[in-house]
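# Residue-level structural notes
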Amino acid sequence: MRPEDTTPILITKISRYSCESSFRIFFDRFYPRLFELALYYTKNQAVAEEVVSDVFLKVWTNRKHLEEVRDVKAYLFVAIKRQSLNALRSTTSVSLFVHDLEHHTIIESRTPENILFSQEMLDAIGQSIQNLPEKCQLVYRLVKEEKLKYKAVADLLHISEKTVEMHVGNALKKIREDLKHFQREPHPAKPIIKSAFLGLLALLSFFL
């Protein structure tokens, strides 16, 4: 079962039974991306951590109503945005922080195409995403990994839907370029690399 499939179960346990272990799983599942979004707004690691902690504290405090939220993921992103802007308003000076966040997962979904990918290719994809410009990387992750609509991402980041589309297109183009070397097959005994590369190209083309 994919993580996103178990989220409704976690929400039920948190909302109805105040299950702390379920909340911990819920926290660990959403924290990395929420922190990244908070960091995008605040440009400060300590402030971003505080923002995310405040949002999760509010979620726990109001857990009885969590089941009433139709789209929890979108709700969390909007909450992070608001809390970040509030934090910036209340802070007289915000120090710049170089974004160097290590992501623990590269691709969360498990499809037949993904299973073909060797660990080497997955590592290369992850590195390619990490090397994207900060805003381009954030837009790509929100669209492709968090499955947010272009309009939702545009509203979150105060940019146009066309700009979102441009960032996603640029990201996919850069990933293709970074993975070109996988198309070379010096040893005939390793057909999986070429097969995986062709599968990746098909997936990326589908998203354009």
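Numbering of residues begins from 1 in every chain and follows the order in which that chain's sequence is written. For this predicted model, a pLDDT threshold of at least 70 governs which residues receive local features, and a threshold of 80 or more governs which side-chain atom pairs are given and counted, while totals over whole chains, interfaces and linings are taken from all residues. Side-chain numbers come from the whole structure's heavy atoms, not from hydrogens or water.

### With respect to the environment of Gln127
We apply this condition: Per the convention used, a helix needs a DSSP run of H or I reaching at least four residues, while a strand needs a run of E reaching at least two, with both numbered from the N terminus. Per-residue accessibility, obtained with a 1.4 Å probe over protein chains only, is compared with the maximum for each type, and a residue is labelled buried under 20%, exposed over 50%, and partly exposed between these values.
Within the fold, Gln127 resides in helix 6 (residues 119-130). On the basis of relative accessibility, which here comes to 45%, the residue Gln127 falls in the partly exposed class. Sequence separation between Gln127 and Ile175 is 48 residues, and the spatial gap between their C-alpha atoms is 9.3 Å.

### Comments concerning the nonpolar core
General note: in soluble globular proteins, nonpolar side chains tend to be found buried as a group. Let me state the cut-off plainly: Buried Ala, Val, Leu, Ile, Met, Phe, Trp, Tyr and Cys residues that are joined via side-chain atoms within 4.5 Å together make up what is termed a nonpolar core. Contacts were defined at the residue level, with two residues in contact if any of their heavy atoms lie within 4.5 Å.
With 50 residues, the main nonpolar core has Phe26 and Leu157 as its most contacted residues. Breaking this core down by element, the ones donating at least two residues are helix 1 (3-17), helix 2 (20-42), helix 3 (45-61), helix 4 (72-90), helix 6, helix 7 (134-145), helix 8 (150-157) and helix 9 (161-178). Counting residues per element, this core draws most heavily on helix 2, which supplies eleven residues. In this view, Phe26 contacts Thr7, Leu10, Ile11, Ile14, Phe56, Val59, Val72 and Leu76; residues no more than four positions away in its chain are not counted.

### Overview of the pattern of salt bridges
Our working definition: The salt bridge definition used is simple: a Lys or Arg side-chain nitrogen within 4 Å of an Asp or Glu carboxyl oxygen.
In total, this model carries ten salt bridges according to the counting rule given. A salt bridge links Lys73 to Glu146; its shortest N-O distance comes to 3.5 Å. With a gap of 73 residues between them, Lys73 in helix 4 and Glu146 in the loop between helix 7 and helix 8 connect regions that are remote in the sequence. Overall, Lys73 belongs to the partly exposed group, its relative accessible area being 21%. Between Glu145 and Arg141 there is a salt bridge whose closest N-O contact spans 2.9 Å.

### Here's the deal with the confidence of the model for the protein
For the record, the criterion: pLDDT is a residue-level measure of predictor confidence that goes from 0 to 100.
Confidence in the prediction for the protein averages 77 pLDDT; 71% of positions are at 70 or higher. The spread of mean pLDDT over the elements of the protein runs between helix 5 (residues 112-116), the lowest at 47, and helix 2, the highest at 93. Considering only residues more than four positions removed or in separate chains, one finds that residues 92-116, a stretch of pLDDT under 50, has 38 contacts. Of the regions scoring below 50 in pLDDT, residues 184-195 engages in nine contacts with residues more than four places distant in sequence or in other chains.

### Thoughts on helix 7
Stated formally: Expected span, for any helix, means 1.5 Å times one less than how many residues it has.
With twelve residues, helix 7 extends 16 Å from end C-alpha to end C-alpha; this agrees with the ideal 16 Å at 1.5 Å per step. Extensive coverage of helix 7 is indicated by the burial of ten of its twelve residues. The first or second residue beyond helix 7 is Lys147, which carries a positive phi of 60°.

### Brief notes about helix 3
Worth spelling out the cut-off: Here a polar contact is taken to be a pair of N or O atoms separated by no more than 3.5 Å, where protein atoms must pair a possible hydrogen donor with a possible acceptor and residues adjacent in sequence count only if both atoms sit in side chains.
Under the 1.5 Å per step criterion, the end-to-end length of helix 3 is 24 Å for 17 residues, consistent within 8% with the ideal 24 Å. Residues Val47, Ala48, Val51, Val52, Val55, Phe56 and Val59 constitute the buried set of helix 3. Taken together, the buried residues of helix 3 touch helix 2 and helix 4. Measuring from the side-chain oxygen of the N-cap residue of helix 3 to the backbone nitrogen of Ala46 gives 3.1 Å; that N-cap residue is Asn44.

### What about the packing of helix 2 against helix 7?
Put simply, the test is: Axis definition: a line fit to C-alpha positions, over the contact stretch in the case of helices; interaxial angles, taken between N-to-C directions, run 0 to 180 degrees. For any pair of crossing helices, the crossing counts as left-handed if the nearer helix is rotated counterclockwise from the farther one by less than a right angle, and right-handed if it is rotated clockwise. In this classification, Asp, Glu, Lys and Arg are treated as charged, Ala, Val, Leu, Ile, Met, Phe, Trp, Tyr, Cys and Pro as nonpolar, and every other residue, Gly included, as polar.
Put simply, helix 2 and helix 7 touch, their axes get as near as 11 Å, and they point 145° apart. The hand of the helix 2/helix 7 crossing is left-handed. Residue-level inspection shows Arg33, Glu36, Leu37 and Tyr40 of helix 2 in contact with helix 7, the latter providing Glu134, Lys135, Gln137, Leu138, Arg141, Leu142 and Glu145. Taken together, the residues of the contact of helix 2 with helix 7 sort by class into four nonpolar, one polar and six charged.

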